[in-house]
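One letter stands for each residue in the lines below.
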Amino acid sequence: MAHIIRKATEDDAGRLAELAGVTFPLACPPGSSPADIAAHLANTLSEEHFRTYATDPDVTILVIEATGELRGYSMLVARPAKDPEVASALSLVPSTELSKCYLHPDHHGLGAAAELMHATVESAAAAGARGLWLGVNSENAKAIRFYEKSGFNKVGTKTFKLGNTVEHDFVMERALPA
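Note that the structure is predicted; figures quoted are calculated from it, not measured.

Peer 1: Teacher, can you tell me more about the pairing of strand E5 (residues 131-137) here?
Peer 2: Remark: a regular strand shows side chains that alternate across the two faces of the sheet. Among the seven residues that make up E5, six are buried, leaving the element largely enclosed by the rest of the structure. Here strand E4 (residues 95-103) runs beside E5; their pairing, made up of three bridges, is parallel. For Ser95, the partnering residue across the bridge sits in E5 and is Gly131. On the question of chirality, the crossover connecting E4 to the parallel E5 by way of helix H5 (residues 112-126) is right-handed.

Peer 1: Just checking my understanding: could you explain the sheet that holds strand E2 (residues 59-66) for this structure?
Peer 2: Note: strands within a sheet are paired through backbone hydrogen bonds, in either parallel or antiparallel orientation. Strand order in the open sheet formed by seven strands is E1-E2-E3-E4-E5-E7-E6, and the pairing between neighbours is mixed. Strand pairing shows two members of the sheet lacking a second neighbour, strand E1 (4-7) and strand E6 (153-162), which therefore form its edges. Averaged over neighbouring strand pairs, the angle between their axes works out to 30° when direction is ignored. Contacts from helix H2 (residues 34-44) reach E4, E6 and strand E7 (165-175) within the one sheet, and its direction differs from that of E6 by about 95°. Its contacts with the sheet place helix H6 (residues 141-149) against E4, E5, E6 and E7, and it is angled at close to 165° to E5.

Peer 1: Quick question: what am I supposed to make of the packing of aromatic side chains here?
Peer 2: According to the stated counting rule, one finds six aromatic pairs in the structure shown. Residues Phe24 and Tyr102 carry aromatic rings whose centres are separated by 6.4 Å and whose planes lie at 80° to one another, so their mutual orientation is edge-to-face. One end of the pair, Phe24, is in helix H1 (residues 13-27); the other, Tyr102, is in strand E4, with 78 residues separating them in the sequence. Taken individually, Phe24 and Tyr102 each receive the classification buried, so the pair is uniform in this respect. An aromatic cluster is defined as three or more aromatic residues linked by ring pairs; in this entry it consists of Phe24, Phe50, Tyr53, Tyr73 and Tyr102.

Peer 1: Please explain the nonpolar core as it appears in this structure.
Peer 2: The tendency in soluble globular proteins is for nonpolar side chains to be buried side by side. Ranked by size, the top nonpolar core spans 23 residues in total, and within it Leu98, Leu132, Tyr147 and Phe152 carry the most contacts. Ranked by residues supplied to this core, first place goes to H5 with seven residues. Apart from the residues within four sequence positions on either side, Phe152 is in contact with Leu98, Met117, Leu132, Trp133, Leu134, Tyr147, Met172, Glu173 and Arg174. Counting 22 residues, the second largest nonpolar core, distinct from the first, contains Ala17, Ile37, Tyr73 and Val77.

What counts and how
- Residues numbered from 1 in each chain as written.
- Predicted model: local features only at pLDDT ≥ 70, side-chain atom pairs only at ≥ 80, totals over all residues.
- Heavy atoms only, no water.
- Buried < 20%, exposed > 50% of the residue type's maximum accessible area, 1.4 Å probe, protein only.
- Helix = DSSP H or I, 4+ residues; strand = E, 2+ residues; numbered from the N terminus.
- Pairing = 2+ DSSP bridges.
- Right-handed = clockwise from strand over helix to strand, strands pointing away.
- Axes fitted to C-alpha atoms, helices over the stretch in contact; angles between N-to-C directions.
- Contact = heavy atoms within 4.5 Å.
- Phe/Tyr/Trp six-rings, centres within 6.5 Å; stacked < 30°, edge-to-face > 60°.
- Core = buried A, V, L, I, M, F, W, Y, C linked by side-chain atoms within 4.5 Å.

Spelled out as structure tokens, the structure:
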């Protein structure tokens with residue numbers, strides 16, 4: 001199946017929020033409360049937030065679609081890391097954050113995630129970043145394996161607040177092609 005990878009627009013905001021509602025809970029630790037997940041979706045991954053992200057000059061959202069259906073998305077944030085734990089762990093600057101990278105579970109294992117990651121890496125490199133970093137929950141073994149396969153290495157740790165719960169993430173970083 002042929003995938004199209006393109007930059008998201010404000011018109012994609014509703015479909016991105018719907019997709020986030022399916023994909024974000026899959027990245028959460030098994031013990032995460034539905035209330036904490038719902039709060040995060042409302043406070044970070046709502047249609048309104050995706051509209052704002054789509055118009056932010058420091059943010060790039062890439063979507064992967066087939067037959068007009070969004071299959072996944074990634075979000076790059078080209079700003080210096082504000083979190084001191086993250087900033088001290090990074091060795092490649094300027095660095096761009098891979099803030100989100102999700103694929104609908106019906107499309108796992110079909111190569112779409114690798115296609116999206118490849119386009120995401122190219123986009124960050126084309127924008128002038130030397131490194132790409134992300135935070136991934138320390139209990140999400142499947143995602144960690146995917147990121148390691150995609151060239152990322154663990155370089156540190158950070159905390160992430162999911163609703164009322166403090167989660168522990170690995171900070172992972174990879175060099176970008178010049």
